Amino acid sequence: MDRFITETVQDGYYVVYLVKEDFSGIYLSLNQGVTTVQKQYGTAAKEALNIRAKDYLARLGKISQKYIRGNIDLACNSGSKLGPLYEVGSIVSLFYPANTIPEDQSLSVDLKNIIEMSLILTSKES
């Protein structure tokens, strides 16, 4: 986490790996902390996270087609309260199917690129 943005996973944005509930794959995601947003907005938290994700995307500018912009699918079926919020809180991500996880070198490059996007957002904070 970037201490200029957040010191907790409850708010701000940060880089995270999120596993689909059905274990069919994993996302590398620049995502938002959802707990604080949920407390502030209640039932409108999903809408708030979605709007914020779009704003962050606009700040990032042009992003390679290889990245997923916005919502992801964590296959949340167990009544998870936070999972659906992380789905709409995603700013930009990559998905790795469980049966085709890339080699370490590729994962490292992807992680560095997502971290760089996070730093770009941090540099644009007012």
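Residues numbered from 1 in each chain as written. Predicted model: local features only at pLDDT ≥ 70, side-chain atom pairs only at ≥ 80, totals over all residues. Heavy atoms only, no water.

A. Structural view of the pairing of strand β1 (residues 13–19). Across 7 bridges, the pairing between β1 and strand β2 (residues 25–32) is antiparallel. Bridged to leucine 18 within β2 is tyrosine 27. Where β1 folds back onto β2 in an antiparallel hairpin, the turn is made up of 5 residues, including phenylalanine 23, whose phi is positive at roughly 60 degrees. (Pairing = 2+ DSSP bridges. Helix = DSSP H or I, 4+ residues; strand = E, 2+ residues; numbered from the N terminus.)

B. Expanded view of the environment of leucine 85. Among the secondary structure elements, leucine 85 is positioned in helix α3 (residues 83–89). In this structure the C-alpha to C-alpha distance between leucine 85 and aspartate 55, which are 30 residues apart in sequence, comes to 16 Å. Setting aside residues up to four positions removed in sequence, leucine 85 forms contacts with Val34, Gln38, Ala45, Lys46 and Leu49. (Contact = heavy atoms within 4.5 Å.)

C. Structural view of the nonpolar core. Within the largest apolar cluster, 17 residues are counted, with the highest numbers of intra-cluster contacts made by Leu30, Ile91 and Val92. Put simply, the parts of the chain that give this core at least two residues each are β2, α2 (45–60), β4 (92–97) and α4 (104–123). Look past the residues within four positions of leucine 30 in its chain and what remains in contact with it is Tyr13, Tyr14, Val15, Gly89, Ser90, Ile91, Val92, Ile114, Met117, Ser118 and Leu121. (Core = buried A, V, L, I, M, F, W, Y, C linked by side-chain atoms within 4.5 Å. Buried < 20%, exposed > 50% of the residue type's maximum accessible area, 1.4 Å probe, protein only.)

D. Main features of the sheet that holds β2. If you trace the 4 strands from one edge of the open sheet to the other, you get β1-β2-β4-β3, paired in antiparallel fashion. Either end of the sheet is taken by a strand with one partner, and the two such strands are β1 and β3 (68–69). Examined bridge by bridge, β3 and β4 share 2 bridges and lie antiparallel to one another. Paired with arginine 69 across the two strands is valine 92, which belongs to β4.

Structural measurements only, silent on function.
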